[in-house]
Amino acid sequence: VQLVESGGGLVQAGGSLRLSCTASGGTFSLYDMGWFRQAPGKEREFVAAINWSGGSTNYADSVKGRFTISRDNAKATVYLQMNSLKPEDTAPYYCAAKPRGLGWIITDYTSWGQGTQVTVSS
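The sections below set out a description of the structure shown in this document. Everything quoted here is computed from the prediction, not taken from an experiment. Residue positions are given per chain, counted from 1 along the sequence in the order it is written. For this predicted model, a pLDDT threshold of at least 70 governs which residues receive local features, and a threshold of 80 or more governs which side-chain atom pairs are given and counted, while totals over whole chains, interfaces and linings are taken from all residues. With hydrogens and water excluded, all non-hydrogen atoms of the structure serve as input to the side-chain values.

Glancing now at the overall build of the protein chain. Working definition: helices are DSSP H or I runs of at least four residues, strands are E runs of at least two. Numbering for both runs from the N terminus. Of the regular secondary structure elements, the protein chain holds 0 helices and 11 strands. Along the protein chain, helices and strands appear, N-terminal first, in the series β-β-β-β-β-β-β-β-β-β-β. Just to be clear, the radius of gyration here is over C-alpha atoms, and the globule rule we use is 2.2 Å times residues to the power 0.38. Its C-alpha radius of gyration of 13 Å places the protein chain within 12% of the 14 Å reference for a compact globule of 122 residues. With respect to the three principal axes, the spread of C-alpha positions in the protein chain is 40 × 25 × 25 Å. Burial status across the protein chain gives 43% buried among its 122 residues. Any two residues having at least one pair of non-hydrogen atoms within 4.5 Å are treated as being in contact. Restricting the contact set of the protein chain to residue pairs at least 6 apart, pairs at least 24 apart contribute 57%. Accessible areas in this description were obtained via Shrake-Rupley with a 1.4 Å probe; residue shielding takes into account the shown protein chains only. About 6,100 Å² of surface is accessible on the protein chain, with carbon and sulfur atoms providing 49% of the total. Looking at the protein chain, you have 11 positive and 9 negative side-chain charges, and the mean spots of the two groups are 4 Å apart. The cut-offs for exposure are 20% and 50% of the maximum accessible area for each residue type, with area from a 1.4 Å probe on protein chains only; residues under the lower value are buried, those over the upper are exposed, and the others partly exposed. For the purpose of counting charges, residues Lys and Arg are taken to be positive, whereas Asp and Glu are taken to be negative. His and the chain ends are not included. Here the site of a charge means NZ on Lys, CZ on Arg, CG on Asp, or CD on Glu.

Laid out in structure tokens, this is it:
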């Protein structure tokens, strides 16, 4: 499955952004989806994940209560609503897909988008 992210940009601290990731070339509902980010000089880190039906979600502690992941299987799109943004949220954000039924570690994700940059100014 191919993934294309959109919605990144520059925002002031305390602001909001909504990222979108649209899939093509596969049956979207066969995949669990995740969002990751990679700040300069750091390893790629988990942000949020959602299972194939949307009935189960998981978040990194650093974004819990501020970010919300959701999906629309009819539109083959997964979203990341980001509120109360902080400068430390600055990074390119990547969406990823993994076949449902696999584990939830980063190496289980088999398809990755090219990323969309999020920059939060203080």
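Notably, alanine 76 is not glycine yet its phi reads approximately 55°, a positive angle. Following the sequence through the fold, alanine 76 ends up in the loop between β7 (67-72) and β8 (77-82). For alanine 76, a relative accessible area of 17% corresponds to the buried category. For serine 84, which is not glycine, the phi torsion reads 50° and is therefore positive. With respect to the secondary-structure elements, serine 84 resides in the loop between β8 and β9 (91-99).

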